[in-house]
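# Coordinate inspection notes
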Amino acid sequence: MAAKLKIVLGTSNSHKVHEINEIAREYNVEFILPDCGGFNPDENGSTFEENAEIKAKEASRVSKTGEYFMADDSGLCVDYLNGGPGIHSARYDTTPEKRIEKLLDALKDDKKRTAHFVCALCLCDKEGKVLHKEKGTVEGKISYSKKGLNGFGYDPVFLVEDKNKTMAELTEEEKNTLSHRGRALKCMLEWVKVNFKI
Ligand code: ITT
């Protein structure tokens, strides 16, 4: 079997690296971190797609090694909050626990609880030229309290549509099958497979 194609993943979120490599398991691809001191892109885009592109390009700029670069910009969009926290999901409050508390508080007194997760992926080459983009979503509702220990971020309060469980109650494999990230990444990997002949 040919050596795995290495793609540099522009992120500082270790949960994303883990999930992305789990999803990529059945492909001949491995995602690795940028070869640089720290990864601090200026995420000043106004959409998930723009921020994914900013991060992928920044990874290609700062990493000393690598041929291909990908980034994931993702977040939770709550209908009652007009799509918020959205692209600000990671910055909604200072810790994951506080972010969940703030969200539950914003929806208290039986507010409309429908929501979805979004994941935008962008792949570029070492010159920073965009090669391909994908987007995935998963619909659900915000629960009244935290449940489950798996996953990360808002998973303990995101009730997956048609399942009587939060994302954090699903196994890693179940989450990756239906998540925003799983959906977007499988499409991206199929594109990579065909176009890079791996
Ligand atoms: P990088 O920008 O370094 O990749 P980040 O965590 O700051 O890491 P984002 O700007 O894309 O990444 O924000 C994503 C946030 O959205 C993440 O920190 C979570 O709060 C939330 N989120 C995204 N995907 C999630 C998932 O699968 N489960 C739960 N929360 C998720």
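Model, not experiment: these values are computed from the prediction.

### Focus: the pattern of salt bridges
For the structure shown, the criterion picks out 15 salt bridges. Of the charged contacts, one joins Lys 55 and Asp 73 as a salt bridge, the two residues approaching to 2.8 Å between their closest N and O atoms. You can see Lys 55 sitting in helix H2 (residues 48–62) and its partner Asp 73 sitting in strand S3 (residues 68–78), a full 18 residues away along the chain. A relative accessible area of 5% means that Lys 55 is categorised as buried. Between Lys 175 and Asp 155 there is a salt bridge whose closest N-O contact spans 2.7 Å. A residue pair is termed long-range when its members are at least 10 positions apart, and Lys 175 in helix H4 (residues 172–178) and Asp 155 in the loop between strand S6 (130–142) and strand S7 (158–160) qualify at 20 residues. Owing to a relative accessible area of 4%, Lys 175 belongs among the buried residues under this scheme. We classify Asp 155 as buried; its relative accessible area is 2%. Three or more residues joined by partner-sharing salt bridges are found here, namely Lys 16, Glu 19, Asp 72, Asp 155, Lys 175 and Arg 181.

### Some words on the site of the ligand
Residues in contact with the ligand amount to 20 residues; listed here are only the nearest, Thr 11, Lys 16, Lys 55, Asp 155 and Lys 175. Ser 74 has a polar backbone atom sitting 3.0 Å from an oxygen atom of the ligand. For the ligand, a nitrogen atom lies 3.5 Å from a polar atom in the backbone of Phe 152. When the ligand sits alone it has 610 Å² of accessible area, and the protein chains cover 92% of it. Sorting the residues of the shell around the ligand by element identifies S3 and helix H5 (180–195) as the ones contributing at least two each. If one sorts the elements of the shell around the ligand by residue count, S3 sits on top with four residues. Looking at the shell around the ligand, its residues break down into four nonpolar, eight polar and eight charged.

### Comments concerning helix H3 (residues 96–106)
Within H3, the full set of buried residues consists of Arg 99, Ile 100, Leu 103 and Leu 104. Within H3, the buried residues cover an arc of 130 degrees as seen down the axis, which keeps them to one side. The elements touched by buried residues of H3 are S3 and S6.

### Some words on the pairing of strand S5 (residues 114–125)
Moving residue by residue along a regular strand, the side chains alternate between the two faces of the sheet. With respect to burial, S5 is a largely interior element, ten of its twelve residues being buried. Pairing between S3 and S5: eleven bridges, direction antiparallel. For Cys 77, the partnering residue across the bridge sits in S5 and is His 116. Across eleven bridges, the pairing between S5 and S6 is antiparallel. Bridge pairing in S6 links Ala 120 to Lys 135. Here S5 folds back onto S6 in antiparallel fashion, the turn holding four residues, of which Gly 128 has a positive phi close to 85 degrees.

### Some words on the packing of aromatic side chains
Across all of its chains, the model carries three aromatic pairs by this definition. Considering the side-chain rings of Phe 117 and Phe 158, the 4.5 Å spacing of their centres and the 45 degrees angle between planes classify their relative orientation as tilted. Remark: Phe 158 occurs in strand S7 and Phe 117 occurs in strand S5; sequence separation between them is 41 residues. When sorted by exposure, Phe 117 lands in the same class as Phe 158, which is buried. Members of the aromatic cluster, connected to one another through ring pairs, are Tyr 68, Trp 191 and Phe 196. The ring centre of Tyr 92 lies 4.5 Å from the NZ or CZ of Lys 102, which sits over that ring. The ring of Tyr 144 carries the charged tip of Arg 113 above its face, separated from the ring centre by 3.9 Å.

Procedures and definitions
- Residues numbered from 1 in each chain as written.
- Predicted model: local features only at pLDDT ≥ 70, side-chain atom pairs only at ≥ 80, totals over all residues.
- Heavy atoms only, no water.
- Salt bridge = Lys/Arg side-chain N within 4 Å of Asp/Glu carboxyl O.
- Helix = DSSP H or I, 4+ residues; strand = E, 2+ residues; numbered from the N terminus.
- Buried < 20%, exposed > 50% of the residue type's maximum accessible area, 1.4 Å probe, protein only.
- Near = heavy atom within 4 Å.
- Polar contact = N/O pair within 3.5 Å; in protein donor to acceptor, adjacent residues only side chain to side chain.
- Areas by Shrake-Rupley, 256 points an atom, 1.4 Å probe, with all protein chains shown as cover.
- Nonpolar A, V, L, I, M, F, W, Y, C, P; charged D, E, K, R; others polar.
- Arc of directions from axis to C-beta.
- Contact = heavy atoms within 4.5 Å.
- Pairing = 2+ DSSP bridges.
- Phe/Tyr/Trp six-rings, centres within 6.5 Å; stacked < 30°, edge-to-face > 60°.
- Lys NZ or Arg CZ within 6 Å of the ring centre and 35° of its normal.

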